[in-house]
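Fold and contact review
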Amino acid sequence: MDFVMKQALGGATKDMGKMLGGEEEKDPDAEKKEEERQEALRQQEDERKAKYAKMEAERESMRQGIRDKYGIKKKEEREAEAQAAMEQAAEGSLTRPKKAVPAGCGDEEEEDESIMDTVMKYLPGPLQDMFNKK
């Protein structure tokens, strides 16, 4: 009957024992092979990381060359300079730093004059003369 089973399975003699519930054959060097495989995977991963680190360093040097050529600063550098300026301005202050005043704010006298000038442009000539006499 054993022969008939082998023929029915198409000559699969090694795996037949496993299928019928027998024990697997254990490779005496299985642990050593697994360690070698794990080491090879680690080595490949290290090589890949080194490769990408090298590529990123090349890209960064190219970026820095462009920044130098066009006078562009890194975002971190700009933020550091702004922070340093804020700290320097608030050195002797006990309160929080003041926000920058936009141009045109707080200059009420100039605004009034510019509004009057604007109104005067649209008045007819005789009315302009009346306001200018004062």
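All residue numbers refer to positions counted from 1 along the written sequence of the respective chain. This being a predicted model, a pLDDT of at least 70 is required before a residue's local features are given, and a value of 80 or more before pairs of side-chain atoms are given or counted; all residues contribute to the totals for chains, interfaces and linings. Calculation of side-chain values draws on the structure's entire complement of heavy atoms; hydrogens and water are dropped beforehand.

Using the following cut-off: UniProt positions are given in the numbering used here, feature names are shortened, and annotations may be inferred rather than shown by experiment.
An unreviewed UniProt entry annotates the protein chain as Complexin-1 of Aldrovandia affinis. UniProt annotates the protein chain under Sequence similarities (unreviewed entry) with the comment "Belongs to the complexin/synaphin family."

Some points on the overall build of the protein chain
This is how it is decided: We count a stretch as a helix when DSSP gives it H or I for four or more residues in a row; a strand needs E for two or more, and each element gets its number in order from the N terminus. Think of it in three bands: with a 1.4 Å probe and only protein chains considered, a residue is buried below 20% of the maximum accessible area for its type, exposed above 50%, and partly exposed in between. The method behind every accessible area is Shrake-Rupley, applied with a 1.4 Å probe, and residues are considered shielded solely by the protein chains displayed.
A count of helices and strands for the protein chain gives six helices and zero strands. The linear arrangement of helices and strands in the protein chain, starting from the amino end, is α-α-α-α-α-α. A burial count over the protein chain gives 2% of its 134 residues as buried. In the structure as shown, the protein chain presents an accessible area of about 12,900 Å², 54% of it carried by carbon and sulfur atoms.

Here we look at helix α3 (residues 30–70)
For the record, the criterion: What a helix should span is 1.5 Å times the count of its residues minus one.
Between the first and last C-alpha of α3 there are 60 Å, a value that for 41 residues agrees with the 60 Å anticipated at 1.5 Å per step. Positive backbone phi, approximately 70 degrees, marks Gly 71, located one or two places after α3.

Things to note about the packing of aromatic side chains
Selection rule: Pairing of aromatic side chains here covers Phe, Tyr and the six-membered ring of Trp, requires ring centres within 6.5 Å, and sorts the geometry by plane angle: under 30 degrees stacked, over 60 edge-to-face, intermediate tilted. Lysine and arginine charges are scored as sitting over a ring when NZ or CZ, respectively, is within 6 Å of the ring centre and within 35 degrees of the ring normal.
For the structure on display, the rule yields zero aromatic pairs. Residue placement shows Lys 51 over the ring face of Tyr 52; its charged tip is 5.6 Å from the ring centre.

Quick notes on a nonpolar patch on the surface
Heads up, the condition is: A patch consists of residues exposed above 30% relative accessible area that lack any salt bridge, with like charges linked at up to 9 Å and nonpolar side chains (Val, Leu, Ile, Met, Phe, Trp, Tyr) linked at up to 5 Å. Only one rule defines a salt bridge in this text: a Lys or Arg side-chain nitrogen within 4 Å of an Asp or Glu carboxyl oxygen.
Together, Met 62, Ile 66, Tyr 70 and Ile 72 make up a nonpolar patch on the protein surface, roughly 460 Å² of accessible area in all. Residue placement: Ile 72 occurs in the loop between α3 and α4 (75–89).

Looking at the pattern of salt bridges
Any two side chains of opposite charge can pair, on the condition that their charged atoms come close. Tallied over the full model, the rule gives nine salt bridges. A salt bridge links Arg 67 to Glu 60; its shortest N-O distance comes to 3.2 Å. Because the salt bridges share partners, they merge into one network encompassing Glu 56, Arg 59, Glu 60, Arg 63, Arg 67 and Lys 74.

Section: a negative patch on the surface
Threshold: His is not counted, nor are the chain ends, whereas Lys and Arg count as positive and Asp and Glu as negative. In this description, the location of a charge corresponds to atom NZ of lysine, CZ of arginine, CG of aspartate or CD of glutamate.
On the surface, a cluster of negative charge is contributed by Asp 29, Glu 31, Glu 35 and Glu 36. Inspection of the secondary structure assignment puts Asp 29 in the loop between α2 (16–19) and α3. Among the residues examined, Asp 29 registers a relative accessible area of 42% and is labelled partly exposed.

Looking at the side chain of Arg 67
Condition: Nitrogen and oxygen atoms within 3.5 Å of one another constitute a polar contact, given that in protein one can donate a hydrogen and the other can accept it, and given that sequence-neighbouring residues count only through two side-chain atoms. Contacts were defined at the residue level, with two residues in contact if any of their heavy atoms lie within 4.5 Å.
Note on placement: Arg 67 falls in helix α3. Within the structure, the side chain of Arg 67 is placed 2.8 Å from the side chain of Gln 64, a separation counted as a polar contact. Residues in contact with Arg 67, not counting those within four places in the same chain, are Glu 60, Ile 72, Lys 73 and Lys 74.

Some remarks on the confidence of the model for the protein chain
For clarity, the cut-off: Looking at any residue, its pLDDT shows the predictor's confidence there, from 0 to 100.
The pLDDT averaged across the protein chain works out to 78; a share of 64% of its residues lies at or above 70. Per-element confidence in the protein chain is highest for α3, whose mean pLDDT is 95, and lowest for α2, whose mean pLDDT is 61.

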